[in-house]
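# Summary of the model geometry
Given next are the chains, with one letter for each unit.
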Amino acid sequence: MTSALPTTPPRVPRSRRRIAALLAGVVGAGGAVVGLPLVVAGPVAAAEQGTLVPGSAPSEALGAGGAVDYTVYLPPGYDEDAEQRYPTVYLLHGRGDTQAAWQRVATDLDELIGTEAIQPLVVVMPDAPWNDRGSWYTDSAYEGSADSGEGAGLQVETALTRDLVGHVDATYRTVADREARAVGGYSMGGAGALRLTLAHQDEFSAGIVLSPAVYVPQPPADSSVRDHGGYGVGHELFSPERYTELSYPAALAALDPALPVHLFVAVGDDEWANPDPAEASHDIDFESARLYNTARRVPGVTAELRVMDGGHDWDVWQPAFREAIVDVSSRLRTEPTVPWDAELLGSAGDDRAGGILPTPDGGTTVALNLAGAWAGSQPAGGLDVVLARRDADGATLWQHPIATAADERAYGVVAGRAGTTLVAGYTKGDLDGKHAGTTRDDGFVAAVTATGERAWTLQTGDPAAADRFYAVAPDGAGGAYVAGYTSGTVPGGTSAGDKDAVVGRVSAGGELLWLRQVGGPGEDKALAVAPGPDGSVYVGGVAGQGMPGAQAAGANDGWVARYDGAGELVWMRGVATSANDQVSGLVARADGSVVAVGHTRGALGGASAGDNDVFARAFDASGEVLWTTQTGTATDDRGVTGVAGADGTVLVVGTTYGSLGTPVGGVDVFTLALAADGTPGAVTQLGTRERDGADEWDDANLFAAALPGADGAWLSGLTFGAPLGAVNAGAGDVFVTRVEFATGPSVPSTEVGVEATARCVGGRVQVSVRALNGGDHAVDVEVSTPFGTKKFAGVGAGKSAQQTFSARVPAIEAGVATVTVHEPAGPVEVRTPYAATDCAA
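Residues numbered from 1 in each chain as written. Predicted model: local features only at pLDDT ≥ 70, side-chain atom pairs only at ≥ 80, totals over all residues. Heavy atoms only, no water.

As a further point, take the overall build of the chain. Along its length, the chain carries nine helices and 47 strands. In terms of C-alpha radius of gyration, the chain reaches 29 Å, essentially the compact-globule figure of 28 Å for 841 residues. With the C-alpha coordinates of the chain rotated into their principal frame, the extents come out at 85 × 75 × 50 Å. At a minimum sequence separation of 6, the contacts of the chain that also span at least 24 residues come to 60%. Entry remark: accessible area of the chain is about 30,700 Å², with carbon and sulfur atoms responsible for 51%. The averaged location of the 102 negative side-chain charges in the chain is 3 Å from the averaged location of its 54 positive side-chain charges. (Helix = DSSP H or I, 4+ residues; strand = E, 2+ residues; numbered from the N terminus. Rg over C-alpha atoms; globule rule 2.2 N^0.38 Å. Contact = heavy atoms within 4.5 Å. Areas by Shrake-Rupley, 256 points an atom, 1.4 Å probe, with all protein chains shown as cover. Lys, Arg positive; Asp, Glu negative; His and termini not counted. Charge placed at Lys NZ, Arg CZ, Asp CG, Glu CD.)

Take a look at the structure:
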């Protein structure tokens, strides 16, 4: 038991598909709704209601007597706990509208807070009456003109970012930090939200940008951007130079990547289409896509894009806001970030991890898929593979490029003979000097010596089709097993239709010993490979319509097969339900068995928790199932790979949107320890507040390698964020970190942190008690003080139970709050004191 509260903030899973699940319920196998309540548009009777309060913030930026009028949404329970502080979201209205426009989302906020889809928020809706309600939220340099009838512009940008923000933080219980602050808007307000997010990184960490009226390089001739002086200079109503100066390309060019920002961009598919073909690129749906594709390539910026059904109105903005606020709320922090002990590698481009191999001196050899220059490696063209040998302190000893003018990508590294490193993947170019003019993907294996020189390169595949190696494993003789797919026919093989899986063996000298093609009528891929007993090999993956010897069970099925050392199929087994299933990793164990790791939407080893669940299934050498373990949350959880520990234990590594352990933010990497019999042990989540371990389409980019002689592993994978103290160099970078794991099953953890505070409210004492469930399972909690008792059923891991008791007296003596946790083994108590309080003193 502990009385210390962890600093991890509330977090809600998010993604382009997962947010939709949060907003519409999570559908499990057979169409049953599981895990989360159904959320419908409009008010929900059971939801507690926040309050809308009018206010006015004095503003020196607006001149003598100037002020920013606003309405603030205070979440349910705001008046009950005088100690709790909240993140803040500012919402900017469109041209010609008023602050009242945004007040319609109050019921959405009530509902989403009530269902815990978002954390409680303070939401500020300022009014912008200046420049005939067309200020564009800029610091205008327009001095007015008698001819146009427009009055002089005002310093609206400064009024909002300095005066309004300062007033709100002084007036309401907000967290005065950029990490706890976001700004959103639609149309003109979308342009304003984009400007404030990018130009004021010290104030805002995220922006909700709906149907933004932004234009590159200049607005079209008929745009109202030109009409109201927001971008005027002197007596000129609109200045092209001023517009360029305040445009988002200029703000992105000046962005500080050490202060990362996130953008949620949404637009309707029925935006007004300019009849002038020369102006078609300025249609707002086109401009929104341009914004997204520009911003996401800038270091320090992450972005999401949604194209909704509808036009330039609330039919788009309201559902877009609901999705956006879930996405942004998960990123807003009211407590310090837990440091992540990881190293960041990567170029200014969009990079990917390509594998990691521990070396005998305690160092690593890391494969990087680089989209730009890095640490002296210059790009050859497209995506390049660079192999980097590093010592125990992380210093690079040598780098070796495996690259052509086309794309190359690595999918794993293993040890070869005499210190040689073998790396496998695919190439679109002439990597071995024998494939001039090739335009289709070929699988490759390359060997690099202990001193960083190329020993040999093998390139193979159907010249007329795409072929890729997605996995590599040592063969025990200095060579390697490889696995992947072909969309054609490999020598000696026969196409079964669409893509077929391939598995092969390469000698220590670079000779292709054999390559086998296997598949059903659908799209089939081998995604994992592991050495088996007596020189055999295990291979696993996904099948679109079943595999030979493994009848189709669902839309996609997982499968595992064993081949002998000569490449003959020994057995094949399906790992499948009627829902989607996939085998992504294989872990070979010392007794000759193999553990398949992946994800399922069905029930392989227990009931589905909702969306994808992690599974691990052990097979013996004859293909018999030893055990199956399935675990997950109501959101998307996927097993990706794993490593073997001592005595048959396995460390499963994957990605989660949920709370398998203690969540960090965005998409997290997790590790799950399994005992030899599959009993789940400790779970750890790690990463940044951004997406880690998987790309925007949820395709995993995550590698693990066991530490020799220890229960632990090196991990390497994709991150769109950065560990504390590091700066993301581009859209996607590569992290490297080391993790440990304990063998054997864990005992369910019961850890409850308790805070108790007495304070004066309206001349009377209130005692507030907060109990945070820091364990790994839901518990029933009873909170008690001398002034009353409150029971809470099923407080989830990482969730809080909070109650304020009104003493209705002017003073109380010091006392004790008691929190009782009701476990099957019996009740457990945590007692926490609160101080004496005299409201009359």
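Resuming the write-up.
Before going further, it helps to examine the nonpolar core. Counting 57 residues, the largest nonpolar core has Leu164, Leu198 and Leu263 as the members making the most contacts within it. Of all hydrophobic cores here, the second largest spans 33 residues; its members include Leu91, Ile113, Leu121 and Ile325. (Core = buried A, V, L, I, M, F, W, Y, C linked by side-chain atoms within 4.5 Å. Buried < 20%, exposed > 50% of the residue type's maximum accessible area, 1.4 Å probe, protein only.)

Moving on to empty space enclosed by the protein. Taken as a whole and assessed by the stated rule, the structure comprises five cavities of 30 Å³ or more. By volume, the largest cavity amounts to about 150 Å³. Among the elements of the structure, α5 (188-199), α6 (240-246) and α7 (248-253) are those that each provide at least two residues to the lining of the largest cavity. By residue number, the principal contributor to the lining of the largest cavity is α5, which donates five residues. For the lining of the largest cavity, the residue count by class is 14 nonpolar, three polar and one charged. What lines the second largest cavity is Gly443, Thr460, Gly461, Asp467, Arg468, Phe469, Tyr485, Thr486, Val490, Val502 and Leu515. Where the lining of the second largest cavity is concerned, the elements lending two or more residues are β20 (467-474) and β21 (480-486). At three residues, β20 tops the list of elements feeding residues into the lining of the second largest cavity. Of the residues in the lining of the second largest cavity, the class split is five nonpolar, four polar and two charged. (1 Å grid on protein atoms, 1.4 Å probe; cavity = no way out; pocket = protein on both sides within 12 Å on 5 of 7 lines; lining within 4 Å. Points joined across faces, edges and corners; volume = space filled by probe spheres on them. Nonpolar A, V, L, I, M, F, W, Y, C, P; charged D, E, K, R; others polar.)

At Leu164, helix α4 (residues 156-171) shows its largest bend, some 30°. Those residues of α4 that fall on the buried side of the exposure criterion are Val156, Glu157, Ala159, Leu160, Thr161, Asp163, Leu164, Val165, His167, Val168 and Asp169. (Bend = angle between axes of the 7 residues up to and from the residue.)

A few words now on unusual backbone geometry. The amide bond that connects Val216 to the next residue, Pro217, takes the cis arrangement and shows omega of 0°. Checked against the element boundaries, Pro217 lands in the loop between β7 (206-210) and β8 (233-234). The phi angle at Asp498 is positive, at roughly 55°, despite the residue not being glycine. Counting through the fold element by element, Asp498 comes out in the loop between β21 and β22 (500-506). Residue Asp498 is classed as partly exposed on the basis of its relative accessible area, which comes to 46%. The residue Asp611 is not glycine, and still its phi comes out positive at about 60°. Looking at where Asp611 falls in the secondary structure, it is placed in the loop between β29 (594-600) and β30 (613-619).

Now for the confidence of the model for the chain. Looking at the chain as a whole, its pLDDT mean stands at 88, while 91% of the residues score no less than 70. Counted against residues more than four places away or in other chains, residues 1-46, with its pLDDT under 50, gives 122 contacts. (pLDDT = per-residue confidence, 0-100.)

Further remarks concern the pattern of salt bridges. All chains considered together, the criterion is met by 31 salt bridges. Arg290 is the salt-bridge partner of Glu287, the closest N and O atoms lying 2.9 Å from each other. Remark: Arg290 and Glu287 occur in helix α8 (residues 284-295); sequence separation between them is three residues, near one turn of the helix. Residue classification places Glu287 among the buried residues on the basis of a relative accessible area of 0%. Notably, a salt bridge pairs Arg468 with Asp441, separated by 2.7 Å at the nearest N-O pair. Here the residue Arg468 occupies a position in strand β20, and Asp441 occupies one in the loop between β17 (421-427) and β18 (442-448), the gap between them amounting to 27 residues. (Salt bridge = Lys/Arg side-chain N within 4 Å of Asp/Glu carboxyl O.)

Another aspect to go through is the pairing of strand β10 (residues 301-308). By the criterion of burial, β10 is predominantly enclosed, with six of the eight residues buried. Bridge count between strand β9 (residues 261-268) and β10: eight bridges; the pairing is parallel. Bridging across to β10, Val267 finds its partner in Val307. For the crossover from β9 across α8 to β10, the handedness is right-handed. (Pairing = 2+ DSSP bridges. Right-handed = clockwise from strand over helix to strand, strands pointing away.)

Attention shifts here to the packing of α4 against α5. Axis separation between α4 and α5 bottoms out at 12 Å; the angle between their running directions is 60°. Considering their axes alone, α4 and α5 lie oblique with respect to each other. Note that α4 runs across α5; the crossing there is right-handed. Counting all contacts with α4, which are made through Glu157, Leu160 and Thr161, the residues of α5 involved are Arg195, Leu196 and Ala199. In terms of residue class, the contact of α4 with α5 is made up of three nonpolar, one polar and two charged. (Axes fitted to C-alpha atoms, helices over the stretch in contact; angles between N-to-C directions. Parallel < 35°, antiparallel > 145°, perpendicular 65-115°, else oblique. Left-handed = near helix turned anticlockwise from the far one by under 90°.)

With that settled, the discussion passes to the sheet that holds strand β26 (residues 557-563). Sheet strands line up and pair through hydrogen bonds in the backbone, either parallel or antiparallel. Within the open sheet, the four strands sit side by side as β24-β25-β26-β27. Their pairing is antiparallel. Edge positions in the sheet fall to β24 (524-531) and β27 (569-575), since each has one partner strand and no second. Neighbour to neighbour, the strand axes of the sheet diverge by 20° on average, direction disregarded.

Strand residues, when the strand is regular, have side chains that alternate between the two faces of the sheet. Within β21, seven of the seven residues are buried, leaving the element largely enclosed by the surrounding structure. Judged by which residues are buried, β21 turns out to be covered on both faces: Ala480, Val482, Gly484 and Thr486 on one side and Tyr481, Ala483 and Tyr485 on the other are all buried. Inspection of the sheet shows β20 paired to β21 by seven bridges, in the antiparallel sense. Bridge pairing links Pro474 to Ala480 in β21.

Pairing within the open sheet is antiparallel, and its four strands lie in the order β32-β33-β34-β35. Two strands lie at the open edges of the sheet, namely β32 (637-644) and β35 (680-686), each paired on one side alone. Adjacent strand axes in the sheet meet at a mean angle of 25°, parallel and antiparallel pairs treated alike. As judged from the five bridges shared by strand β34 (residues 668-674) and β35, these two strands associate in the antiparallel manner.

On to the environment of Trp340, then. The topology assignment puts Trp340 in the loop between α9 (314-329) and β11 (343-345). When its relative accessible area of 9% is taken as the criterion, Trp340 is described as buried. Sequence-wise, Trp340 and Thr737 are 397 residues apart; in three dimensions their C-alpha atoms are separated by 9.0 Å. Apart from residues lying up to four places away in sequence, Trp340 is in contact with Leu686, Gly687, Thr688, Asp692, Pro723, Leu724, Phe735 and Thr737.

The next subject is the packing of aromatic side chains. Counted under the stated rule, the structure contains 18 aromatic pairs. Taken together, a centroid distance of 6.0 Å and an interplanar angle of 85° make the contact between Tyr90 and Phe204 edge-to-face. Of this pair, Tyr90 sits in strand β3 (residues 88-92) while Phe204 sits in the loop between α5 and β7, and the two are 114 residues apart along the sequence. We note that Tyr90, like Phe204, is buried. Arranged with centres 4.9 Å apart and planes meeting at 65°, the rings of Tyr411 and Tyr470 form a pair that is edge-to-face. You can see Tyr411 sitting in strand β16 (residues 408-415) and its partner Tyr470 sitting in strand β20, a full 59 residues away along the chain. (Phe/Tyr/Trp six-rings, centres within 6.5 Å; stacked < 30°, edge-to-face > 60°.)

A word on the packing of helix α2 (residues 106-114) against α9. The interhelical angle for the contact between α2 and α9, taken along N-to-C directions, is 35°, at an axis separation of 11 Å. Crossing angle aside, the handedness with which α2 passes α9 is right-handed. Between α2 and α9, the contacting residues are Asp108, Leu109, Glu111 and Leu112 on the first element and Gln318, Phe321, Arg322, Ile325 and Val326 on the second. Within the contact of α2 with α9, the residues separate by chemical class into five nonpolar, one polar and three charged.

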